[in-house]
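# Architecture and fold: a report
Letter by letter, the chains look like this.
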Amino acid sequence: MKKFRIIDSTLRDGMHAVSHKFTPDDMAAIAAALDAAGLDTVEIGHGDGLGGSSYQYGFAAATDVEYLKAVKSVLTKTKLAVLLLPGIGTHKDLEKAAKFGANTVRIATHVTEADIAEQHVQIAKSLGMEAICFLMMAHMSPTAKVVEQARLFDGYGADVIYVTDSAGALLPHQVKERIAAVKEAVSVPVGFHAHNNLGLAVGNTLAAVAAGASSADGCLCGLGAAAGNAQTEILAAVFDRMGIRTGVDLYKVMDAAEDVVQPRMHRPQVVGKLGLTTGWAGVYGSFMLHATRAGNKYGIDPRDILVELGRLKTVGGQEDLIIDVASRFAREARTV
Amino acid sequence: MRKLKSAILGPGNIGMDLMYKIMSRGKNIELKLVSGIVAGSRGLALARENGFETSLDGVESILADPEIRLVFECTSAKAHLANAPRYREADKIAIDLTPAAVGPYVVPAVNLEQHVGGGNFNMVTCGGQATVPLVAAVNAVTPVEYAEIVATLASKSAGPGTRANIDEFTETTADAVVSVGGAKTGKAIIILNPAEPPLLMRNTVYCKVQNPDGHIARINAQVSLMVEKVRQYVPGYRLRLGPELDGDRVIMMVEVEGEGSYLPKYSGNLDIITATALATAEEVAARILHSCPKNRGER
């Protein structure tokens, strides 16, 4: 049986949980442990990808290049991936990442906006990189739309196409339906990226596997935006029980989580009330900590902010709207 | 009163929105010709219905008409790069609504005064027109060390040109935040949101300054003045939030509601570009029409 590919995103999605403050040394230590555990690919960088370091999303502890250099120097077999969100990062960031050793780029757009990434897929291919395309916030569109957009990515030359549950809002049957339909429609492997906001990250990943996904994302300790991602070490253990080969050494990946990542975490990665609200309201996972901060500043329950952001149909990257909503609520509270 | 005769090259969405704006409020500018290259285009039909000359010869018919003194380039960066030297040779002023940036970036509320005698004016980007004035207002009070802008557009209002080269938007806007806004460094982010009904164009500006608390009163005053200045030519431009302090940054948010001249009101991003193009052309034309022949020769 062909190996199932786990892409570990502790050092990218996990950055949201530490407000993008892992240092290059932290990244090198964690990447070395992942490499030793036999992970196929690690994704690194600011949580919002190349060029993500900003007021809008929070400043990272180091530059994209500093992270790439630190991680590249410790990897022996594991492939190095970066994330690019067109509109935030540009082709220049991608060229720099390729120069400093990134093998793979994950190019992510909102589930309805695949066409803004055509340029970047083509540039990635011309740089000799693997291009994995993400349809983010996949819960916001019906399956037919997800399929239409996946076909666009297929046409641009994507190597793998992901259905991405950025809000952790999908239920298992919805994952199954989307993955099966995309798998049927495209010529390349299909992957799934889960969030645990409704406590379904591992379960949804299994639903994706049952529907034909051959690649999935995980993070050590489940570290990630909002309530985090599927836990890499759990995926390794569960896949092993299912007889699915991942190439991951179970003891070593557990050690990496508990000995290397856990001491560097800012808070336990649990499904708290805000993570749960994020999934239930269907909002972008990285809004959670920004909403907490705005809630504290303006004296508003962050849950009310998250629910309003869901009602406004916000998409990934609209962190500025959090301040807008919080200050509006504060004004309204004063006038009544 | 005498008016300067102009032409629109490219009868697409932008070109048509501009046509209606010139019709409704051109003071120094009048439209003579709308030229395209696609037979049966809806834009050319509308132009004819409204009594303008039309042509299918693209740039050629504009160059061939000595009466036309000013051209609104509503095509593509590639086309404008090819056309710009020919306009110059034919002594025609170009208002460039493409990302070609042959001429200087012009943000009327900030720097039109210093470029008004020129022959080619670039309209930057929609995000640049919405945010650079705010950066410049803060910078007029205290130096802006870093400015970051986030433009959120309704998906429906982002055309195929923007989508095919979204980096052009971020790079050009960041460039103008620095070169026109005056920030030492700049960054731009663009987000497309497909929500229905479509949202209005919104822009957030973050400026990093030293001692923001000590400057906020004057920043407030400057920003209010600047918003009024922009509103003179973009009536749907509104400050939604701020200036507000948060740590070392000043935060401002503006939204742009389109006038609905031709495009729907949510297309504030397109509206701000056509409104800016017309405002620029009006200033340029005023200077030509009201200056003595000697000054004209110096242009």
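Predicted, not measured: the structure shown is a model, and the values here were computed from it.

## Considering the overall build of chain A
Counting its secondary structure elements, chain A contains 14 helices and eight strands. What you see for chain A is a C-alpha radius of gyration of 18 Å, in line with the 20 Å of a compact globule of 336 residues. For chain A, the spread of C-alpha atoms along the three principal axes comes to 65 × 45 × 40 Å. Burial status across chain A gives 62% buried among its 336 residues. Put simply, 78% of the contacts in chain A that link residues at least 6 apart link residues at least 24 apart. Here chain A has roughly 11800 Å² of accessible surface; of this, 54% comes from carbon and sulfur atoms. Side-chain charges of chain A comprise 33 positive and 36 negative groups, with the mean position of each set lying 1 Å from the other.

## Remarks on the sheet that holds strand 1 (residues 4-9) of chain B
Residue and element names in this part refer to chain B. Pairing within the open sheet is parallel, and its six strands lie in the order 3-2-1-4-5-6. At either margin of the open sheet sits one strand with a lone partner, and together these are strand 3 (53-55) and strand 6 (120-122). With strand direction ignored, the average angle separating the axes of adjacent strands in the sheet is 25°. Pairing analysis gives four bridges linking strand 1 to strand 4 (residues 70-73), with the strands arranged parallel. Residue pairing for strand 4: isoleucine 8 is matched across the bridge by phenylalanine 72. Across the sheet, helix 1 (residues 13-25) is in contact with strand 1, strand 2 (29-35) and strand 4; its angle to strand 2 comes to roughly 150°.

## Focus on the interface of chain B and chain A
At the junction of the two partners, chain B supplies 35 residues and chain A supplies 37 residues. The contact between chain B and chain A buries some 2900 Å² in all, and 46% of this surface belongs to carbon and sulfur atoms. Counting the contacts that link chain B with chain A gives eight salt bridges. The partner of Asp246(B) in a salt bridge is Lys297(A), and the shortest N-O contact between them spans 3.6 Å. Run the count over chain B and chain A and you get 23 residue pairs in polar contact (both at pLDDT 80 or more). Those elements that place two or more of their residues in the side of chain B that touches chain A are strand 7 (146-154), helix 7 (160-164), helix 8 (166-179), strand 8 (185-193), strand 9 (201-208), strand 10 (237-246) and strand 11 (249-256) of chain B. It is strand 8 of chain B that provides the largest number of residues to the side of chain B that touches chain A, a total of seven residues. Counted by class, the side of chain B that touches chain A contains 16 nonpolar, six polar and 13 charged residues.

## Brief notes about the packing of aromatic side chains
Geometry of an aromatic ring pair is reported as the spacing of the ring centres plus the angle between the planes. Residues and elements named next belong to chain A. Using the criterion set out here, one finds nine aromatic pairs over all chains in the structure. A centroid spacing of 4.7 Å and a plane angle of 50° characterise the contact between phenylalanine 4 and phenylalanine 239, whose relative ring orientation is tilted. Here phenylalanine 4 is found in the segment before strand 1 (5-11), whereas its partner phenylalanine 239 is found in helix 9 (residues 232-241), with 235 residues between them in sequence. Accessibility classification places phenylalanine 4 together with phenylalanine 239 in one group, the buried group. Ring centres 5.1 Å apart and planes at 75° place the aromatic pair tyrosine 55 and phenylalanine 59 in the edge-to-face group.

## A look at the domain arrangement of chain B
Residue and element names in this part refer to chain B. As assigned here, chain B comprises domain 1 (4-122 + 275-298) and domain 2 (126-266). One C-alpha centre belongs to domain 1, the other to domain 2, and the line joining them spans 25 Å. Counting from both sides, the interface comprises 19 residues of domain 1 and, opposite them, 19 residues of domain 2. For the pairing of domain 1 and domain 2, the buried interface totals around 1700 Å² over both sides, and the portion due to carbon and sulfur atoms is 63%. Area buried by domain 1 at its contact with domain 2 is led by Tyr105, Val107 and Ala109, which between them contribute 33% of it. Counting the contacts that link domain 1 with domain 2 gives two salt bridges. The partner of glutamate 259 in a salt bridge is arginine 25, and the shortest N-O contact between them spans 2.6 Å. At the junction of domain 1 and domain 2, the tally comes to ten residue pairs in polar contact (both at pLDDT 80 or more). Broken down by secondary-structure element, the contributors of at least two residues to the side of domain 1 that touches domain 2 are helix 1, helix 2 (42-49), helix 5 (108-115) and helix 10 (268-290). For the side of domain 1 that touches domain 2, the element with the most residues is helix 1, which contributes six residues. Of the residues in the side of domain 1 that touches domain 2, the class split is twelve nonpolar, three polar and four charged.

## Concerning a negative patch on the surface
Residue and element names in this part refer to chain A. Together, Asp249, Asp255, Glu258 and Asp259 give the surface a local cluster of negative charge. With respect to the helices and strands, the residue glutamate 258 is situated in helix 10 (residues 250-261). Overall, glutamate 258 belongs to the exposed group, its relative accessible area being 52%.

## What about helix 10 of chain A?
All names here are of chain A. Spanning twelve residues, helix 10 covers 16 Å between terminal C-alpha atoms, matching the ideal 16 Å at 1.5 Å per step. For helix 10, the set of buried residues is Val253, Ala256, Ala257, Val260 and Val261. The arc that holds the buried residues of helix 10, viewed along the axis, is 120°, so those residues lie on one side. Seen from the open side of helix 10, the exposed residues pointing more than 90 degrees away from its buried face are Tyr251, Glu258 and Asp259. The N-cap residue of helix 10 is aspartate 249: its side-chain oxygen and the backbone nitrogen of tyrosine 251 are 3.2 Å apart.

Cut-offs applied
Residues numbered from 1 in each chain as written. Chains lettered and ligands numbered in written order. Predicted model: local features only at pLDDT ≥ 70, side-chain atom pairs only at ≥ 80, totals over all residues. Heavy atoms only, no water. Helix = DSSP H or I, 4+ residues; strand = E, 2+ residues; numbered from the N terminus. Rg over C-alpha atoms; globule rule 2.2 N^0.38 Å. Buried < 20%, exposed > 50% of the residue type's maximum accessible area, 1.4 Å probe, protein only. Contact = heavy atoms within 4.5 Å. Areas by Shrake-Rupley, 256 points an atom, 1.4 Å probe, with all protein chains shown as cover. Lys, Arg positive; Asp, Glu negative; His and termini not counted. Charge placed at Lys NZ, Arg CZ, Asp CG, Glu CD. Pairing = 2+ DSSP bridges. Axes fitted to C-alpha atoms, helices over the stretch in contact; angles between N-to-C directions. Buried area = accessible area lost by both parts, 1.4 Å probe. Salt bridge = Lys/Arg side-chain N within 4 Å of Asp/Glu carboxyl O. Polar contact = N/O pair within 3.5 Å; in protein donor to acceptor, adjacent residues only side chain to side chain. Nonpolar A, V, L, I, M, F, W, Y, C, P; charged D, E, K, R; others polar. Phe/Tyr/Trp six-rings, centres within 6.5 Å; stacked < 30°, edge-to-face > 60°. Domains from an automatic or database assignment. Patch = residues over 30% accessible without salt bridge, like charges linked within 9 Å, V, L, I, M, F, W, Y side chains within 5 Å. Expected span 1.5 Å × (residues − 1). Arc of directions from axis to C-beta.

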